[in-house]
Amino acid sequence: WHRLRMVACADRMTAKRPEDDDRLVEEIYDALDEGAPDRALASARIALHDAPDDPVLHFLAGVALGELDQPGEAVLEFGRAIALDPDDPEFRAARAQALFATCRFAEARADAETALATEKAHADSLWVLGLVLEREGRFDDADDKFLAAARIDPERFQTPIRLSHEAMEGVVVRAGA
């Protein structure tokens with residue numbers, strides 16, 4: 001769910017932590033990379049028992065919950081991370097994605113915009129804002145955000161392609177032939 005972005009920000013996240021905690025955080029990242037979000041969540045919860053004020057652990061718990069298709073619970077964990085570190089755009093972008101997944105579009109927009117106020121070229125926030133704009137029917141504005149995200153991180157975000165209704169019908173007809 002957030003794996004690609006999480007890997008992209010791993011160095012930044014571990015830089016916020018004391019060195020002796022790096023091993024546990026790496027175990028959680030490894031579990032997520034291995035497709036074992038349940039193991040990652042269990043490790044994060046154990047670690048949070050000892051360090052309830054650690055925003056990175058709340059973030060990682062949120063990532064695991066997202067991977068487990070529990071975006072509502074992920075919103076809560078990302079919210080805890082934000083409460084502890086309100087200026088981190090990764091935490092805001094992650095919550096924006098989870099809020100979008102739970103159809104809380106206005107809140108998703110607010111988090112994406114707040115993250116962009118902190119870091120103008122934040123690909124994940126641009127992408128989520130594009131999703132919200134697209135949902136509102138503001139396709140040109142959405143495409144601008146999608147394109148900006150794709151320029152920042154072309155390996156993770158695709159350049160938008162829009163088809164007219166007629167062009168889409170032609171694709172469907174040709175596909176059925």
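Only a predicted model underlies this, so the values are computations on that prediction, with no experimental measurement involved.

1. Details of the overall build of the protein
Then, in step 1: For the protein, the count of helices and strands is eleven helices and zero strands.
Then, in step 2: N-terminal to C-terminal, the α/β element order of the protein is α-α-α-α-α-α-α-α-α-α-α.
Then, in step 3: Of the contacts formed within the protein by residues at least 6 apart in sequence, a portion of 53% connects residues at least 24 apart.
Then, in step 4: As displayed, the protein has an accessible area near 9400 Å², and 53% of this comes from carbon and sulfur atoms.

2. Things to note about a nonpolar patch on the surface
Then, in step 1: Nonpolar side chains collect at one region of the surface, where Ile161, Leu163, Met168, Val171 and Val172 lie side by side and expose about 480 Å² of accessible area between them.
Then, in step 2: Mapped onto the secondary structure, Leu163 falls in the loop between helix H10 (139-152) and helix H11 (165-176).
Then, in step 3: Among the residues examined, Leu163 registers a relative accessible area of 47% and is labelled partly exposed.

3. Some details on the side chain of Asp153
Then, in step 1: Tracing the backbone through its elements, the reader meets Asp153 in the loop between H10 and H11.
Then, in step 2: In this structure the side chain of Asp153 is engaged in a polar contact, spanning 2.7 Å, whose partner is the side chain of Arg156.

4. Describing the pattern of salt bridges
Pairs can form between side chains of opposite charge once their charged atoms are near each other.
Then, in step 1: Applying the stated criterion to the full structure yields 15 salt bridges.
Then, in step 2: Taking the shortest distance from any N to any O, the salt bridge between Arg109 and Glu136 comes out at 2.6 Å. Here Arg109 is found in helix H8 (residues 105-118), whereas its partner Glu136 is found in the loop between helix H9 (123-135) and H10, with 27 residues between them in sequence.
Then, in step 3: Each member of the salt-bridge network shares a partner with another, and the members are Arg109, Glu113, Glu136, Arg138 and Asp141.

5. Looking at the environment of Val132
Then, in step 1: Within the fold, Val132 resides in helix H9.
Then, in step 2: Residue Val132 is classed as buried on the basis of its relative accessible area of 2%.
Then, in step 3: Distance in space between the C-alpha atoms of Val132 and Cys103 is 9.8 Å, their sequence separation being 29 residues.

6. A word on the nonpolar core
Then, in step 1: Counting residues in each nonpolar core, the largest one holds 43 residues, and the members touching the most others are Ile28, Leu32, Ala40, Leu57, Phe59, Leu60 and Phe78.
Then, in step 2: At eight residues, the largest contribution of residues to this core is made by helix H5 (residues 55-67).
Then, in step 3: What Ala40 contacts, discounting residues up to four positions off in sequence, is Ile28, Ala31, Leu32 and Ala64.

7. Quick look at H9
Then, in step 1: In this model, H9 (13 residues) spans 18 Å end to end at C-alpha, consistent with the 18 Å of a helix rising 1.5 Å per residue.
Then, in step 2: Taken as a whole, H9 has its buried residues at Ala123, Asp124, Ser125, Leu126, Val128, Leu129, Gly130, Val132 and Leu133.
Then, in step 3: After H9 finishes, the residue Gly137 shows a positive phi value of roughly 85°.

8. Things to note about unusual backbone geometry
Then, in step 1: Located in the positive-phi region is Asp69, a residue other than glycine, with phi close to 60°.
Then, in step 2: With relative accessibility at 64%, the residue Asp69 sits in the exposed group.
Then, in step 3: Although it is not a glycine, Cys103 sits at a positive phi angle of roughly 65°.
Then, in step 4: When you line up the elements, Cys103 lands in the loop between helix H7 (89-101) and H8.
Then, in step 5: Among the residues examined, Cys103 registers a relative accessible area of 54% and is labelled exposed.

9. Focus on H7
Then, in step 1: In this model H7 runs 18 Å from its N-terminal to its C-terminal C-alpha over 13 residues, within 8% of the 18 Å that 1.5 Å per residue would give.
Then, in step 2: Where burial is concerned, most of H7 is hidden: eleven out of the 13 residues are buried.
Then, in step 3: Residues Pro89, Glu90, Phe91, Arg92, Ala93, Ala94, Arg95, Ala96, Gln97, Ala98 and Leu99 constitute the buried set of H7.
Then, in step 4: N-cap assignment for H7: the residue whose side-chain oxygen lies 2.7 Å from the backbone N of Glu90 is Asp88.
Then, in step 5: In the segment just after H7, Cys103 is the residue with positive phi, at about 65°.

Calculation criteria
In this convention, every chain numbers its residues from 1, walking through the sequence in written order. Reporting in this predicted model follows two pLDDT cut-offs: at least 70 for local features of residues, and 80 or more for side-chain atom pairs to be given and counted; totals over whole chains, interfaces and linings ignore these cut-offs and use all residues. Processing note: side-chain calculations cover all non-hydrogen atoms of the structure and skip hydrogens and water entirely. Helix and strand assignments come from DSSP, with helices taken as H or I runs of at least 4 residues and strands as E runs of at least 2, each series counted from the N terminus. In this description, contact between two residues means that some pair of their heavy atoms is separated by no more than 4.5 Å. What sets the accessible areas is the Shrake-Rupley method with a 1.4 Å probe; for residues, cover comes only from the shown protein chains. Patch membership needs two things, relative accessible area over 30% and no salt bridge, and members are linked within 9 Å if like-charged or within 5 Å if nonpolar (Val, Leu, Ile, Met, Phe, Trp, Tyr). We count a salt bridge whenever a side-chain nitrogen from Lys or Arg sits within 4 Å of a carboxyl oxygen from Asp or Glu. Each residue gets one of three labels from its accessible area relative to the maximum for its type: buried under 20%, exposed over 50%, partly exposed in between, using a 1.4 Å probe on protein chains only. Contacts described as polar in this section are N or O atom pairs within 3.5 Å, which, within protein, must combine one atom able to donate a hydrogen with one able to accept it, while residues neighboring in sequence count only if both atoms come from side chains. Throughout this description, the term nonpolar core refers to a set of buried Ala, Val, Leu, Ile, Met, Phe, Trp, Tyr and Cys residues connected via side-chain atoms within 4.5 Å. A helix is expected to reach a length of 1.5 Å times the quantity of its residues less one.

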